[in-house]
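Here is what each chain is made of, one letter per residue.
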Amino acid sequence: MHLFAEPEVWVLLAVVVFAIGVWKPSRRVILGGLDARAARIRDELETARRLRDEAQEALAGYQNQQRDAAAEAEAIIAHAKAEAERIAAQAARNLEETLERRQRLAKERIAQEEAKALSEIRAVTVDVAIAAARQVIVAELDEGRGAALIDTAIADLPRQLGNSAGARS
């Protein structure tokens, strides 16, 4: 019993009794506050976890959209390149066809002009030959011989007209 003679033991005992006396009524308040705080922290952690998951899902969605957009952009670029090549090839074919058509038309015009020039040369040649023949006939032919030639030509006319009509049919 010499323990109860020490004042420190009585102070310790008083503190323990006081703590038990204060603890019993305030225990519910303290534990309730701690439980409420733990629940609030748990809710905040759950909310933070949920927000993190939503953010990760949103990030994954945006990354998928970015990949899809990049793939679509590449497809559009590839399509545009193919379309540009097709248009360039078509333009080259059209140009080549136009050049061939113009060359053909130019050749036809040249041939027409050559034919026209040849017919003009023939007409001039015929006119010159007729004028030369006229001059020769006038110089060589007297009146009697001229009348005999005209009579022979008139007599041959029905036969020549018959031959030329048969040649046309």
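In the block above lies the structure referred to throughout.
Residues numbered from 1 in each chain as written. Predicted model: local features only at pLDDT ≥ 70, side-chain atom pairs only at ≥ 80, totals over all residues. Heavy atoms only, no water.

**Student:** I would appreciate a short explanation of the overall build of the chain in the present structure.
**Tutor:** On a plain count of helices and strands, the chain comes out with 2 helices and 0 strands. Scaling as 2.2 N^0.38, a compact globule of 169 residues should have a C-alpha radius of gyration of about 15 Å, whereas the chain reaches 63 Å, well beyond that. Based on the C-alpha atoms only, the size of the chain along its principal axes is roughly 195 × 30 × 20 Å. The burial tally for the chain puts 1% of its 169 residues in the buried class. As displayed, the chain offers around 15,100 Å² of accessible surface, 63% of which is attributable to carbon and sulfur atoms. Considering the chain, the positive charge centre built from 24 side chains and the negative charge centre built from 27 side chains are found 7 Å apart. (Helix = DSSP H or I, 4+ residues; strand = E, 2+ residues; numbered from the N terminus. Rg over C-alpha atoms; globule rule 2.2 N^0.38 Å. Buried < 20%, exposed > 50% of the residue type's maximum accessible area, 1.4 Å probe, protein only. Areas by Shrake-Rupley, 256 points an atom, 1.4 Å probe, with all protein chains shown as cover. Lys, Arg positive; Asp, Glu negative; His and termini not counted. Charge placed at Lys NZ, Arg CZ, Asp CG, Glu CD.)

**Student:** Can you help me understand the pattern of salt bridges in this one?
**Tutor:** In a structure, side chains of opposite charge can pair up when their charged atoms sit close to one another. Summed over all chains, the structure comprises 5 salt bridges. The salt bridge involving Arg49 is made with Glu46; its shortest N-O contact spans 2.9 Å. Of this pair, Arg49 and Glu46 both sit in helix α1 (residues 7-140), separated by 3 residues, roughly a single helical turn. The partner of Asp53 in a salt bridge is Arg52, with the nearest N and O atoms 3.7 Å apart. For Arg52, a relative accessible area of 47% gives the class partly exposed. (Salt bridge = Lys/Arg side-chain N within 4 Å of Asp/Glu carboxyl O.)

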